[in-house]
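Examination of the molecular architecture
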Amino acid sequence: MHPVILIILLAVAQASPTVTVSTDRGWYSPGESVTIQIQVVMTDNPTNMTWLWLYIDKPDGHNALFMQLDPVNQTIVWNIPVNTTEGTYTLTVTWDHRYSQTGFIVQAQ
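This section reports on the structure supplied with the text.

1. Some remarks on the sheet that holds strand β8 (residues 98-106)
Read across the sheet, five strands follow the order β2-β8-β7-β4-β5 without closing on themselves; strand pairing throughout is mixed. Because the sheet does not close on itself, it has two edges, and the strands there are β2 (27-28) and β5 (63-69). Of the strand pairs in this sheet, β2 and β8 are connected by two bridges, and their pairing is parallel. Within β8, the residue paired with Trp-27 across the bridge is Ile-105.

Structure, rendered in structure tokens:
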């Protein structure tokens, strides 16, 4: 690989912000609320990142929630439907062709 191309690729990689996503717990009952924390850490050379996209996927892979968000630290509360499917839910935040992911379990007591 040409050195100039390598330097450009490294500069782009360093310029991308870091985004993490987490929940307040790992296990919930149907009808409870999930508190989702999104942390955005900009680097010294921030990109022109304009949006984050939040997905919550049900155990069958279908979307339970999709939201477009501003690229800032934030807390989102999602109310789990009472008649929801039990199992492992996947929570994904995407930006600049990157993603951060976590999961949680929904199970009746």
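There is more to say, and it comes next.
2. A closer look at unusual backbone geometry
Unusually for a residue other than glycine, Asp-96 sits at a positive phi of about 40°. The exposure class assigned to Asp-96 is partly exposed, which follows from its relative accessible area of 33%. The backbone of His-97 sits at a positive phi, close to 60°, despite the residue not being glycine. Mapped onto the fold, His-97 is located in the loop between β7 (87-95) and β8.

3. Comments concerning the side chain of Ser-100
By secondary structure assignment, the location of Ser-100 is in strand β8. Judged by its relative accessible area of 13%, Ser-100 is buried. Within polar-contact distance, the side chain of Ser-100 engages the backbone oxygen of Val-19 at 3.3 Å. Polar contacts involving the side chain of Ser-100 include one to the main-chain amide nitrogen of Val-21, which spans 3.5 Å.

What counts and what doesn't
Residues numbered from 1 in each chain as written. Predicted model: local features only at pLDDT ≥ 70, side-chain atom pairs only at ≥ 80, totals over all residues. Heavy atoms only, no water. Pairing = 2+ DSSP bridges. Helix = DSSP H or I, 4+ residues; strand = E, 2+ residues; numbered from the N terminus. Buried < 20%, exposed > 50% of the residue type's maximum accessible area, 1.4 Å probe, protein only. Polar contact = N/O pair within 3.5 Å; in protein donor to acceptor, adjacent residues only side chain to side chain.

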